[in-house]
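Observations on chain architecture
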Amino acid sequence: MTRDSFNAFCASLPATFQVVQWGGSTVWKVGNAEQSKVFTIAGLSNGSQPGYTFKVSPIAYEMLREEPGLRPAPYLASRGMKWIQQYEDPGLGEADLKAYLAESHRLASRNLTKKLQRALGLNQD
């Protein structure tokens, strides 16, 4: 997945916005200016190849952590958080990566207040 298609997909998810922080990484958040949660980070990994970091469930973390091109996310996983980084090929195919990004968005949005979730139309299932 190219950086442009990554950004376009993240922008298509509800109530998202991006900021540049942490050494020039593109950080995508769900929420609003007053309260938000990070759901994915794009930065360089291995030279010029983009590295995509995203939140996962405990089960997905166990499944993905040993897959070629994937690893527990530096810094985040070392603090007990369930985040995976795709850092080199082969990694995930584009469809699978999009599915994990959408799930990361959902997981992160669950940490917003219920009031804000309702206001933003999130998790109304």
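Heads up: the structure comes first, above all this text.
Note that the coordinates shown come from a computational prediction; the quantities given were computed from them, not determined experimentally. (Residues numbered from 1 in each chain as written. Predicted model: local features only at pLDDT ≥ 70, side-chain atom pairs only at ≥ 80, totals over all residues. Heavy atoms only, no water.)

1. Things to note about the overall build of the chain
Within the chain, the secondary structure is distributed over four helices and six strands. Each helix and strand of the chain, placed in order from N terminus to C terminus, yields the pattern α-β-β-β-β-α-β-β-α-α. Its C-alpha atoms put the chain at 40 × 30 × 25 Å along the principal axes. In the chain, once contacts between residues fewer than 6 apart in sequence are set aside, the share between residues at least 24 apart is 43%. Surface exposure of the chain reaches about 6700 Å², of which carbon and sulfur atoms provide 52%. (Helix = DSSP H or I, 4+ residues; strand = E, 2+ residues; numbered from the N terminus. Contact = heavy atoms within 4.5 Å. Areas by Shrake-Rupley, 256 points an atom, 1.4 Å probe, with all protein chains shown as cover.)

2. Digging into the side chain of Thr53
Looking at the element boundaries, Thr53 is found in strand E4 (residues 50-55). Given the relative accessible area of 6%, Thr53 is considered buried. Look past the residues within four positions of Thr53 in its chain and what remains in contact with it is Phe39, Thr40, Ile41, Ala73, Leu76, Trp83, Ile84 and Gln85. (Buried < 20%, exposed > 50% of the residue type's maximum accessible area, 1.4 Å probe, protein only.)

3. Quick notes on the nonpolar core
Among soluble globular proteins, nonpolar side chains are generally buried collectively. One finds Phe54, Val56 and Leu64 to be the most contacted residues of the largest nonpolar core, which totals 25 residues. Of all the elements in the fold, those that place two or more residues in this core are helix H1 (3-12), strand E2 (25-31), strand E3 (36-44), E4, helix H2 (58-64) and helix H3 (94-109). Val56 has contacts with Tyr61, Leu64, Lys82, Ile84, Tyr100 and Leu107, leaving out every residue within four places of it along the chain. (Core = buried A, V, L, I, M, F, W, Y, C linked by side-chain atoms within 4.5 Å.)

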